[in-house]
Amino acid sequence: MDSTESVSRARELLRRAGERDPSDEDQRLERNLLVAAALTEVLSHTPIVVGGTAEDFWTADSYHETDLDLVTWAPTATEEDIFEDLGFFKEGRHWVHEATGVPVEIPESRLKGDPSRVHREPMGPGTVALISAEDLYLDRIRQSTISPTDDSLQTFNSAVAIAAANFREMDWAYVDGAIQSEDEAPPRLMKSLDARVRAKVRRRLSQPRGKP
């Protein structure tokens, strides 16, 4: 890929991101995804959107004003120079795009999940990669094991929101297999939390529309 063309596409994506109104929930999500697509153009390893921005995407709901979290290899010195040329500056652990105000965190990390399930979404002249709904759901279940009986936990409610929005499309056989082979959190706790989430979502989906 020609680096000049990549940088040109990144500039165009960032220009479009700057036109989005961050006070509008839908436009804020689109702004973040456009910034992620711009960085995809100039990074040698494809970054994958995780965290709150991915949750916004998969639930079609407002998470909250959130950093743009990406998992990939750490940027090289050359890539960091390109970031600065595109209008990013370093602030602590974040790269902040000055024109849009979007803070981006790019720790050197790898995707916890199946890379073949990564979802690719067209964004203008670019494309953005997002963690799959299944792997994001598993991440929220995994995090909920820190307090497995607390249904008010944000991560538990996030798992409910992801499952409710994608219940009929989710690959539940994959989820079951991933929990069974889990090596970071207790599989038994994850299985219990997963069962509670699914039961809650089934009850919600069985209610007539408009009923709380």
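Residues numbered from 1 in each chain as written. Predicted model: local features only at pLDDT ≥ 70, side-chain atom pairs only at ≥ 80, totals over all residues. Heavy atoms only, no water.

Trainee: Would you take a moment to explain the layout of surface pockets for this structure?
Mentor: In this approach the atoms are scanned with a rolling probe the size of a water molecule, which exposes any empty space left behind. Approximately 300 Å³ is the volume attributed to the largest pocket. Considering the residues around the largest pocket, the lining is formed by 20 residues, among which Val50, Gly51, Val71, Asp139 and Gln143 are closest to the centre. Those elements giving two or more residues to the lining of the largest pocket turn out to be helix 3 (51–59), strand 2 (68–71) and helix 5 (133–144). Sort the elements by how many residues they give to the lining of the largest pocket and helix 5 lands first, with 6 residues. Looking at side-chain class alone, the lining of the largest pocket contains 8 nonpolar, 3 polar and 9 charged residues. (1 Å grid on protein atoms, 1.4 Å probe; cavity = no way out; pocket = protein on both sides within 12 Å on 5 of 7 lines; lining within 4 Å. Points joined across faces, edges and corners; volume = space filled by probe spheres on them. Helix = DSSP H or I, 4+ residues; strand = E, 2+ residues; numbered from the N terminus. Nonpolar A, V, L, I, M, F, W, Y, C, P; charged D, E, K, R; others polar.)

Trainee: Would you take a moment to explain the pairing of strand 6 (residues 119–123) for this structure?
Mentor: Consecutive side chains of a regular strand alternate in pointing toward one face of the sheet and then the other. Strand direction decides the pairing type here: strand 6 and strand 7 (residues 126–130), joined by 5 bridges, are antiparallel. From the neighbouring strand, Arg120 faces strand 7, where its bridge partner is Ala129. The turn linking strand 6 back onto strand 7 is made up of 2 residues, and Gly124 within it adopts a positive phi angle of 55°. (Pairing = 2+ DSSP bridges.)

Trainee: Explanation requested: the pairing of strand 2 in the structure shown.
Mentor: Judged from the 3 bridges that link them, strand 1 (residues 48–50) and strand 2 form a sheet pairing that is antiparallel. Following the sheet pairing, Ile48 is matched in strand 2 by Val71. As paired elements, strand 2 and strand 5 (residues 103–105) share 2 bridges and run parallel to each other. Bridging across to strand 5, Leu68 finds its partner in Val104.

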